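Here is what each chain is made of, one letter per residue.
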Amino acid sequence: MALHVIVGAGPVGTATARLLAGRGEEVRLLSRRGQGPDGVQLVAADASDAATLARHTAGATALYCCAGPAYHRWATDWPPLGAALLHAAESSGAVLVTTGNLYAYGAVDGPMTERLPARPNSKKGAVRAKLWADALAAHEAGRIRTAEVRGSDYLGAGTLSAFTALVLPKILAGKRASAPADLDAPHSWTYVGDVARTLIAVAADERAWGRPWHAPTAPARSLRSLATRAAELAGAPAARLTTMPAAALRLAGLFSPAAREMVEVQYQLRAPFVLDSSAATAAFGIEPTPTDDALLETIKN
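As a starting point, this report considers the structure included with it. Just so it is clear, the structure is predicted and the values come from calculations on it, not from any experiment.

### Re the environment of Asp-194
So, point 1. Within the secondary structure, Asp-194 is located in helix 6 (residues 192–204).
So, point 2. When near neighbours in sequence (up to four residues on either side) are disregarded, Asp-194 contacts Ala-215, Pro-216, Glu-287, Pro-288 and Thr-289.
So, point 3. A distance of 2.8 Å separates the side chain of Asp-194 from the backbone nitrogen of Thr-289, its partner in a polar contact.

### Observations regarding the packing of helix 7 (residues 223–234) against helix 12 (residues 291–300)
So, point 1. Axis separation between helix 7 and helix 12 bottoms out at 10 Å; the angle between their running directions is 65°. Taken together, the axis directions place helix 7 and helix 12 in an arrangement best described as roughly perpendicular. In the crossing of helix 7 with helix 12, the sense of the turn from one axis to the other is right-handed. Along the contact surface, helix 7 presents Leu-226, Arg-229, Ala-230, Leu-233 and Ala-234, while helix 12 presents Thr-291, Asp-292, Leu-295, Leu-296 and Ile-299.
So, point 2. Looking at the contact of helix 7 with helix 12 residue by residue, the classes come out as seven nonpolar, one polar and two charged.

### Some thoughts on the pairing of strand 4 (residues 62–65)
So, point 1. Residue alternation in strand 4 divides its side chains into two sets, Ala-62 and Tyr-64 and Leu-63 and Cys-65, and both sets are buried.
So, point 2. Where strand 1 (residues 3–7) and strand 4 come together, four bridges link them in parallel fashion. Counted as the bridge partner of Val-5 is Leu-63 from strand 4.
So, point 3. Crossover handedness for the path strand 4 to helix 3 (residues 74–92) to strand 5 (residues 95–100): right-handed.

### Digging into the environment of Leu-116
So, point 1. Positionally, Leu-116 belongs in the loop between strand 5 and helix 4 (123–140).
So, point 2. Here Leu-116 falls in the partly exposed class, since its relative accessible area comes to 28%.
So, point 3. Counting along the chain gives 10 residues from Leu-116 to Gly-106, while the straight-line C-alpha distance between them is 9.9 Å.
So, point 4. Leave out the neighbours within four places in its chain, and Leu-116 touches Tyr-105 and Val-108.

### Let's talk about the sheet that holds strand 2 (residues 26–31)
So, point 1. The strand order across the open sheet built from seven strands is 3-2-1-4-5-6-10, with neighbouring strands paired in parallel fashion. The outermost strands of the open sheet, each flanked by one partner alone, are strand 3 (41–44) and strand 10 (212–214). Here the strands of the sheet are splayed against their neighbours by 20° on average, with no regard to which way each runs.
So, point 2. Judged from the four bridges that link them, strand 2 and strand 3 form a sheet pairing that is parallel.

### A look at the pairing of strand 1
So, point 1. A large share of strand 1 lies buried, amounting to five of its five residues.
So, point 2. Both faces of strand 1 are covered, namely the face carrying Leu-3, Val-5 and Val-7 and the face carrying His-4 and Ile-6.
So, point 3. Taken together, the five bridges between strand 1 and strand 2 define a ladder with parallel strand orientation. When the bridges of strand 2 are listed, His-4 appears paired with Val-27.

Parameters at a glance
- Residues numbered from 1 in each chain as written.
- Predicted model: local features only at pLDDT ≥ 70, side-chain atom pairs only at ≥ 80, totals over all residues.
- Heavy atoms only, no water.
- Helix = DSSP H or I, 4+ residues; strand = E, 2+ residues; numbered from the N terminus.
- Contact = heavy atoms within 4.5 Å.
- Polar contact = N/O pair within 3.5 Å; in protein donor to acceptor, adjacent residues only side chain to side chain.
- Axes fitted to C-alpha atoms, helices over the stretch in contact; angles between N-to-C directions.
- Parallel < 35°, antiparallel > 145°, perpendicular 65-115°, else oblique.
- Left-handed = near helix turned anticlockwise from the far one by under 90°.
- Nonpolar A, V, L, I, M, F, W, Y, C, P; charged D, E, K, R; others polar.
- Buried < 20%, exposed > 50% of the residue type's maximum accessible area, 1.4 Å probe, protein only.
- Pairing = 2+ DSSP bridges.
- Right-handed = clockwise from strand over helix to strand, strands pointing away.

Scope: geometric values only; no functional claims are made or implied.
Pasting the structure below:
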């Protein structure tokens with residue numbers, strides 16, 4: 001039985017742990033609080049401590065980074081965690097598969113594919129771009145084996161996005177919701193279960209290493225369309241949405257670190273933001289979960 005080590009007990013880490021445990025694999029899940037689903041070994045640890053992470057990864061076949069530092073602490077918390085992951089992968093020989101996102105591409109015109117260069121236009125995008133550049137350099141030098149799985153804004157149990165934080169609770173309560181977005185721009189929404197399936201598939205296939213992959217993602221839907229469908233599925237009153245002015249978000253940022261960090265990535269919500277995930281579906285045979293199914297899980301959890 002192979003040992004799989006997961007860092008991070010958020011939505012993706014939890015989904016990955018459950019899938020692996022369901023297959024009969026030995027799973028060790030590290031988080032600061034030592035929390036997670038039943039059926040896996042739960043460890044309370046600081047994964048950014050290189051020696052600690054290396055000790056818990058010894059003998060592992062695969063190391064999955066599913067961690068998510070606080071949004072306003074990416075610049076300070078990601079670099080030491082990234083360095084610790086590279087050290088653990090090198091010392092253990094485990095393949096490192098990291099959960100990434102689309103920030104490193106910056107603002108682009110048209111659907112995003114894995115062939116796009118890294119051209120970040122935000123501080124957070126620069127952080128993510130460097131994490132992947134460092135991992136890829138170590139891979140190409142023969143020090144580690146690695147790949148990255150990228151998704152758009154998440155749907156699924158416990159997920160956090162502009163939709164789940166600002167829109168969905170209001171819609172379910174029959175109230176008007178406001179979001180800092182073009183409500184009718186097409187936007188990709190990735191189901192966390194599909195991210196987990198892709199992480200596991202990539203880790204098991206050496207032909208997939210040394211490059212990024214986009215997690216299979218259903219066709220893009222506007223925020224208004226998504227909210228309308230969520231209300232229908234939940235049996236709530238018809239969705240009512242308004243656009244939050246950029247100035248209002250900046251004002252909220254004076255009091256909320258999370259809102260303050262959203263200002264520099266407004267381009268993701270104010271214009272089309274579409275992910276092309278056809279490469280992963282072709283390579284691994286993973287079809288994206290229907291949006292209705294992903295929404296139902298989001299609503300129930």
